[in-house]
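# Structural overview for review
Here's the letter readout for the chains.
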Amino acid sequence: MDTRYLQSFVAVIECGSLAEGARRLDLTPAAIAARVRAMEQDLGVALVKRAGRNVRATEAGLKVLERARLVLREMRDLRATACDDTPLGEFRLGVSTSALAGLMPPVLAGLYRRHPKLAVFVQPGTSSHLYRKVIDGELDAAFIVQPQFTLPKGYAWRLGAAEPLVVLAPAALRDRDAHALMADEPFIRYDRSVWGGRLADRYLRQHAIRPRERLEIDGLMAIASMVREGLGVSLVPDWAPDWLDSLGLSRVALPGVAPVRRMGILWATQTPHAQLAEAFVQETERFLGGSQKGQPAPG
């Protein structure tokens, strides 16, 4: 079977439509539909079903999906190995959205300097989503918020950065009390469905602060842009101080000891790609100057 058929089938299911799958692969919808039909004919079963404009996997399609992903990954590893002097293969990395613009470019630049032919696949997402991707074996490692529970056996955690919560406010409000800002000004809430947002929500509840909530959103860069436009203030991790300062925003410290969002690397220690994960860990620590190193999590 042509692996392009597998690629098309996986793209259609992941995107949920023929049109989106075709855009991802730079094909026409007719071409990607023909590939999926050819795969169905080869296997003798229906793999997808249509509901309006959406496409979903059939029961047989779900059974095939994970194996198809594994085959595609093995093919990428084979190509990467053939093009390099070391059997590294493709490194699949998840990155919390807030770290994509700040931390990842210099870390990946350093990694490529040491492994110039390394193939890297980067998947952005929320920490909880990327955690599950690593545990399920779809990613080799992820830079995420520290999980608040014991890791399964065969996985390690290394602390990269500790980011205290601050009140993000327009520059004109820099001299206001942090609690008063959150109580009096319109409030942009960091999405409570993500781990960092839950940390902020816990702080508000513990201090009986009832903000005048204007909106709730997942996306620290979007929150910063909205604060800059005067839409309100927000309680967020101090994740990119230089960038926030360049926007002319104030980072108002909380009274006392602020809760901290701990960002770091989760990786599988007993897989063929553990060597790549450890190289990424070392490069991240090199960039961060070796400060605040953690230890591999037990289990």
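Everything here concerns the structure above.
Residues numbered from 1 in each chain as written. Predicted model: local features only at pLDDT ≥ 70, side-chain atom pairs only at ≥ 80, totals over all residues. Heavy atoms only, no water.

## Quick notes on the layout of surface pockets
Short version of the rule: Buriedness for pockets is judged along seven lines, at least five of which must meet protein on both sides within 12 Å for an open set on the 1 Å grid over protein atoms alone, while cavities are sets there where a 1.4 Å probe fits but cannot get out, and lining residues have an atom within 4 Å of a point. Grid points are joined across faces, edges and corners, and a volume is the space filled by probe spheres set on the points. Secondary structure is summarised from DSSP: a helix means a run of H or I of at least four residues, a strand means a run of E of at least two, and numbering begins at the N terminus for each.
Here the second largest pocket is characterised by a volume of approximately 490 Å³. Put simply, the parts of the chain that give the lining of the second largest pocket at least two residues each are helix H5 (97–100), strand E6 (155–170), helix H11 (241–246) and strand E11 (260–268). Of the residues forming the lining of the second largest pocket, the biggest block, four residues, is contributed by E6.

## Observations concerning unusual backbone geometry
The line we're drawing: Relative accessibility thresholds used throughout: buried, under 20% of the residue-type maximum; exposed, over 50%; partly exposed, between the two (1.4 Å probe, protein chains only).
Backbone geometry places Asp-26, a non-glycine residue, at a positive phi of 60°. Given the relative accessible area of 71%, Asp-26 is considered exposed. Phi is positive for Ala-208, which is not a glycine, with a value near 55°. Relative to the helices and strands, Ala-208 resides in the loop between helix H9 (195–206) and strand E8 (212–217).

## Regarding the packing of aromatic side chains
We describe a pair of aromatic rings using the distance from one ring centre to the other and the angle between the two ring planes. Our working rule: Working definition: a ring pair exists when centres of Phe, Tyr or Trp rings (six-membered ring for Trp) sit within 6.5 Å. Plane angles under 30 degrees give stacked, over 60 give edge-to-face, the rest tilted.
Evaluation of the coordinates by the stated rule reveals five aromatic pairs. Each ring, one from Tyr-131 and one from Phe-149, has its centre 5.2 Å from the other, and the planes form 80°; the classification is edge-to-face. Separated by 18 residues along the polypeptide, Tyr-131 in helix H7 (residues 127–135) and Phe-149 in the loop between strand E5 (141–145) and E6 bring together distant segments of the chain. Under the relative-accessibility criterion, Phe-149 is labelled partly exposed at 41%. Ring geometry for Phe-149 versus Trp-195: centroids 6.1 Å apart, planes at 85°, classification edge-to-face. Taken together, the residues span a long stretch of sequence, with Phe-149 in the loop between E5 and E6 and Trp-195 in helix H9 at a distance of 46 residues.

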